[in-house]
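# Analysis of the macromolecular model
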Amino acid sequence: MAIPRRRHQHHSRARRFIIPIIYAASTFLLVIFLFILILAPSPNDDNHLRRPRRHDDLSLGGKGSGNEIGVSPFRVEISGGVNNRDLWSSRNSKFFYGCSNASSKFAKAQAITRPNRYLLIVTSGGLNQQRTGITDAVVAARILNATLVVPKLDKTSFWKDSSDFSDIFDVDRFIKHLTTDVSILKDLPLRRGQIWTPYRMRVPRKCNERCYINRVLPVLMKKHAVQISKFDYRLANKLDTDLQKLRCRVNYHALKFSDPILEMGEKLVQRMRRSSKHYIALHLRFEPDMLAFSGCYYGGGDKERTELGKIRRRWKTLHNSNPDRARRQGRCPLTPEEVGLMLRALGYGKDVHIYVASGEVYGGEETLAPLKALFPNFYSKDTIASKEELEPFSAFSSRMAALDFIVCDESDVFVTNNNGNMAKILAGRRRYFGHKPTIRPNAKKLYRVFLNRNNMTWEEFAAKVHTFQRGFLGEPKEVRPGRGEFHENPSACICEDSEAESKMDWGRKKIGKGNVAKKKDGDDAKKEVEAVHDENIDYEPEMSDPEDEDDVDSPPGEVSLSRSQVEALSNETSTDYDPFTSEETELDELLSD
């Protein structure tokens, strides 16, 4: 019995030593864990995608082995690399051309315009939103067989620009060019020798031909002069082909900027051409109001949340934002760095010259630094023109926007960082005039690529960007006819070479590094291009115009007024009458420029 007792005493002493050791080790590990928690950044600020990176953190030029412990394999190439496409032109563009002449069935204005029937409109928003309103006003006047009075520009909204129509556009050309389509006057004629006030009313957005005939025509016949206020997107997207072609004649031929704007814009283009044979124009749209309205978060902590939150409170009907969901859905503008990385991945090297059209960039030079590191040849109207040259325009937001519009329109490649009105107008215009490359980030798909870029090589990153940007480069037939806004995709005004299908080169599909797949037949390749775009088009990063937060409209569609409503409307002196109001503010268009 003595031996077992000694064994028991031995195990008891061992347990007395082991328990304190385990306790001490556990305490030590707990202290280390707590220390790590204290030093670790907040989860809200630890998202690599949203946190702005310092430009000196960008690894440029070296490939790197990626084998070092803790070192990312991601190394940005200085050159654009080898590409299987022309960076400066759209494939197959030579087989497509703009065509907007009226058909033989489209009667002359003199034959259909009724006397004592005048339509006046007041536009809304910034330059490009007003441009859509002017274009649609001409078509609305045609539908109503009315004489159009030269539109009034918005002077009271967010943009606060006091410019008149003739300050921005060549009014004489506008009237003369459309003489056979619509009768246009500079001013409402006197009535019995006196100035008279037109009847004021509103129409819903996306109002079609029948809607205008049922809503506006009875009032116009009674009052003889009607003024429609807040005239933006007040005409349906889908119309008769001849009316769509009239839209194109207005937008692409009748609307020319005034001589002072054209002359200054051409100087800016010449200076860009003098520095380089080709240049990219980037509509960055990274201003505080844009970011606040989008509800996105870019890693600036409480300072950013406070600053942008204060701006966001201007629009009382906006719901609480969910930044992560907005990013996943592709509704957040890319950061300047992300735009630069996308362009580099698409093949544009460090020597490429970039013109940036932008207002005040949120975060200033610190935000722009990574983009400038990627593309040092970085210009804006403020860097290639003197203050004295810009002085006649600088106090007017629409005139300054017009200068940017000209430089972007004339660029070899146009890149947009949003889906607003300038982006749509320029995309449609560039399609009409030869399908010049127009790049729109597929933000919904690129989100994951940017998020995980430090875990992949540059080659892997570039391959993914190429894949996800197919269908977003401005190539012919990327968008099916009737898709999107007509101003962005004027398919009724784009004609195709009769032998185009047999001649078109749909390219070779890259299937891996150094490997090229067999060239596809025209039909198969065309279907593949269309399928890619159909797969990605549903995300459409639409955001609203902040000026529309008090704009309560009826739902789009065919709406007829009853006899009693028409009579009540016709017998009043003025109203913003709308019998079909929606329950909440319509917020379906992006910031206007």
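Thresholds, definitions, all that
Residues numbered from 1 in each chain as written. Predicted model: local features only at pLDDT ≥ 70, side-chain atom pairs only at ≥ 80, totals over all residues. Heavy atoms only, no water. Phe/Tyr/Trp six-rings, centres within 6.5 Å; stacked < 30°, edge-to-face > 60°. Helix = DSSP H or I, 4+ residues; strand = E, 2+ residues; numbered from the N terminus. Buried < 20%, exposed > 50% of the residue type's maximum accessible area, 1.4 Å probe, protein only. Axes fitted to C-alpha atoms, helices over the stretch in contact; angles between N-to-C directions. Parallel < 35°, antiparallel > 145°, perpendicular 65-115°, else oblique. Contact = heavy atoms within 4.5 Å. Nonpolar A, V, L, I, M, F, W, Y, C, P; charged D, E, K, R; others polar. Left-handed = near helix turned anticlockwise from the far one by under 90°. Pairing = 2+ DSSP bridges. Polar contact = N/O pair within 3.5 Å; in protein donor to acceptor, adjacent residues only side chain to side chain. Right-handed = clockwise from strand over helix to strand, strands pointing away.

For the protein chain, an unreviewed UniProt entry supplies the name O-fucosyltransferase family protein and the organism Nicotiana attenuata.

## Brief notes about the packing of aromatic side chains
Overall, the coordinates contain 15 aromatic pairs when judged by the stated rule. Seen from their ring centres, Phe 169 and Phe 257 are 5.7 Å apart, and the 10° between their planes marks the pair as stacked. Remark: Phe 257 occurs in the loop between helix H8 (241-254) and helix H9 (259-275) and Phe 169 occurs in the loop between helix H4 (165-168) and helix H5 (171-177); sequence separation between them is 88 residues. Here Phe 169 and Phe 257 have matching classes, each one buried. Ring pairing ties together the aromatic residues Phe 165, Phe 169, Phe 174, Phe 257 and Phe 405, which thus form one cluster.

## Section: the packing of helix H3 (residues 127-143) against helix H17 (residues 397-410)
Relative to each other, H3 and H17 sit at 85°, their axes nearing to 9 Å. Here H3 is positioned roughly perpendicular relative to H17, judged by the angle of their axes. Across the interface between the two elements, Leu 127, Asn 128, Gln 130 and Arg 131 of H3 pack against Ser 398, Ala 401, Ala 402 and Phe 405 of H17. Of the residues that constitute the contact of H3 with H17, the class distribution is four nonpolar, three polar and one charged.

## Description of the packing of helix H13 (residues 336-345) against helix H14 (residues 364-374)
The interhelical angle for the contact between H13 and H14, taken along N-to-C directions, is 15°, at an axis separation of 7 Å. Put simply, H13 runs roughly parallel to H14. For the element pair H13 and H14, the recorded crossing hand is left-handed. Contacts between H13 and H14 involve Pro 336, Glu 337, Gly 340, Leu 341 and Arg 344 from the former and Thr 367, Leu 368, Pro 370, Leu 371 and Leu 374 from the latter. Across the contact of H13 with H14, the residue classes break down as six nonpolar, two polar and two charged.

## Some thoughts on the sheet that holds strand E8 (residues 353-357)
Strand order across the open sheet formed by five strands is E9-E8-E7-E10-E11, with parallel pairing between neighbours. Each edge of the open sheet is held by one strand with a lone partner, namely strand E9 (378-379) and strand E11 (438-439). For E8 and E9, the ladder comprises two bridges, and the chain directions are parallel. Note on E9: the bridge partner recorded for Tyr 355 is Tyr 379. H13 rests against strand E7 (279-283), E8, strand E10 (413-416) and E11 of the sheet, and its axis sits at about 140° to E10. The sheet strands contacting helix H18 (residues 421-432) are E7, E10 and E11, and the helix crosses E10 at an angle near 155°.

## Notes on the side chain of Asn 417
Of note, Asn 417 is situated in the loop between E10 and H18. A distance of 3.0 Å separates a polar atom in the side chain of Asn 417 from the backbone oxygen of Leu 284. A polar contact is formed between the side chain of Asn 417 and the backbone oxygen of Leu 334, at a distance of 2.8 Å. In contact with Asn 417, other than residues within four places in its own chain, are His 283, Leu 284, Pro 333, Leu 334, Val 339 and Pro 441.

## Brief notes about the environment of Leu 127
In this structure, Leu 127 sits in helix H3. For the pair Leu 127 and Asn 421, spaced 294 residues apart in sequence, the C-alpha to C-alpha distance is 8.8 Å.

## Re the pairing of E8
Side-chain positions along a regular strand alternate between the two faces of the sheet. Most of E8 sits inside the fold, with five of its five residues counted as buried. Examined bridge by bridge, E7 and E8 share five bridges and lie parallel to one another. Residue Ile 280 lies in a different strand from E8, and its bridge partner there is Ile 354. Where the polypeptide runs from E8 across H14 and back to E9, its parallel neighbour, the crossover connection is right-handed.

## So, the sheet that holds strand E3 (residues 147-149)
On the basis of which strands lie adjacent, the open sheet formed by five strands has the order E4-E3-E2-E6-E5 and parallel pairing. Of all the strands in the sheet, just strand E4 (184-185) and strand E5 (199-201) have a single pairing partner and so form its edges. Bridging between E3 and E4 involves two bridges; their strand directions are parallel. Residue pairing in the sheet places Leu 148 in a bridge with Ile 184 of E4. Relative to strand E2 (residues 118-121), H3 is tilted by about 165°, and along the sheet it contacts E2 and E3.

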